[in-house]
Amino acid sequence: MYARRRRNYLLMMGGCVALFVSAWAVVRLWSMPVAIGMCGVAMVIPPIAAMVANLRGPEDRWWDDPSGDPKSDEWWDELDGKKR
């Protein structure tokens, strides 16, 4: 799961860098408004990439780690339908 999230983050950030570089290295020679638009799109990608990287799926059950309190752990296992 972590590898998939990391890969998605790197792909999104790579696309962001590619948009910035291509906008100011190539596209601005033909159309300045398009280059500015590409930078605007690239500006929105990093916060979305951060949200994607921190998104937890249903298989990420970090809250299921034992708390150290046997009675509490037993109670949560009973609610989840698990047995230790």
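Provided above is the structure to which this section pertains.
So, here's what we can say about the structure. (Residues numbered from 1 in each chain as written. Predicted model: local features only at pLDDT ≥ 70, side-chain atom pairs only at ≥ 80, totals over all residues. Heavy atoms only, no water.)

1. Here's the deal with the overall build of the chain
Let me state the cut-off plainly: Counting from the N terminus, the helices are DSSP H or I runs at least four residues long and the strands are E runs at least two residues long. Only protein chains enter the accessibility calculation, which uses a 1.4 Å probe; a residue whose area is less than 20% of its type maximum is buried, one above 50% is exposed, and one in between is partly exposed. Only heavy atoms matter for contacts: two residues are in contact if any of them lie within 4.5 Å across the pair. Residue burial considers only the protein chains on display, and all accessible areas are found by Shrake-Rupley using a 1.4 Å probe.
Within the chain one finds three helices and zero strands. When the elements of the chain are put in sequence order from the N terminus, they spell out α-α-α. Per-residue burial over the chain gives 19% buried out of 84 residues. A fraction of 47% describes how many contacts in the chain between residues 6 or more apart in sequence connect residues 24 or more apart. Surface accessibility of the chain: about 6600 Å² in total, with carbon and sulfur atoms responsible for 67%.

2. A few points about the nonpolar core
What counts here: By nonpolar core is meant a set of buried Ala, Val, Leu, Ile, Met, Phe, Trp, Tyr and Cys residues that side-chain atoms within 4.5 Å join together.
Listed in full, the five residues of the largest apolar core are Ala23, Val27, Ala35, Met38 and Cys39. When residues of this core are assigned to their parent elements, the largest contribution, three residues, is made by helix H2 (residues 32-54). Beyond its immediate stretch of four places on either side in the chain, Ala35 contacts Ala23, Val27 and Arg28.

3. Considerations on the state of the cysteines
The condition that has to hold: Cysteine sulfur atoms are paired as a disulfide whenever they come within 2.5 Å of each other.
Taken as a whole and judged by the stated rule, the model has zero disulfides. Cys16 carries a free sulfur, and the closest cysteine sulfur to it, the one in Cys39, is 9.0 Å from it.

4. Digging into H2
The condition that has to hold: Expected span of a helix: the number of residues minus one, times 1.5 Å. Two axes enter the bend calculation: one fitted to the seven residues ending at the residue in question, the other to the seven starting there, and the bend is the angle between them. For this analysis, a polar contact is any N or O atom pair within 3.5 Å, provided that within protein one partner can donate a hydrogen and the other can accept it, and provided that sequence-adjacent residues contribute only side-chain to side-chain pairs.
The end-to-end C-alpha distance of H2, which contains 23 residues, comes to 35 Å, matching closely the 33 Å that a straight helix rising 1.5 Å per residue would cover. Pro46 marks where H2 bends most, by close to 25°. Those residues of H2 not exposed but buried are Ala35, Met38, Cys39, Ala42, Ile45, Ala49 and Ala53. For H2, the elements touching its buried residues are helix H1 (2-25). The distance from a side-chain oxygen at the start of H2 to the backbone nitrogen of Val34 is 3.4 Å, and the residue carrying that oxygen is Ser31.

5. Description of the packing of H1 against H2
What counts is decided by this rule: Whenever a helix is involved, its axis is fitted only over the stretch in contact; in every case the axis is a line through C-alpha atoms, and angles between N-to-C directions fall within 0 to 180 degrees. Roughly parallel means an angle under 35 degrees; roughly antiparallel means over 145; roughly perpendicular covers 65 to 115; every other angle is labelled oblique. For any pair of crossing helices, the crossing counts as left-handed if the nearer helix is rotated counterclockwise from the farther one by less than a right angle, and right-handed if it is rotated clockwise. We call Asp, Glu, Lys and Arg charged. Ala, Val, Leu, Ile, Met, Phe, Trp, Tyr, Cys and Pro are nonpolar, and the rest, Gly among them, are polar.
Orientation of H1 relative to H2, taken along the N-to-C sense of each, is 165°, at an axis distance of 8 Å. By the angle class used here, H1 and H2 are roughly antiparallel. The element H1 and its partner H2 pack so that their crossing is left-handed. Looking at side-chain class alone, the contact of H1 with H2 contains 23 nonpolar, two polar and one charged residues.

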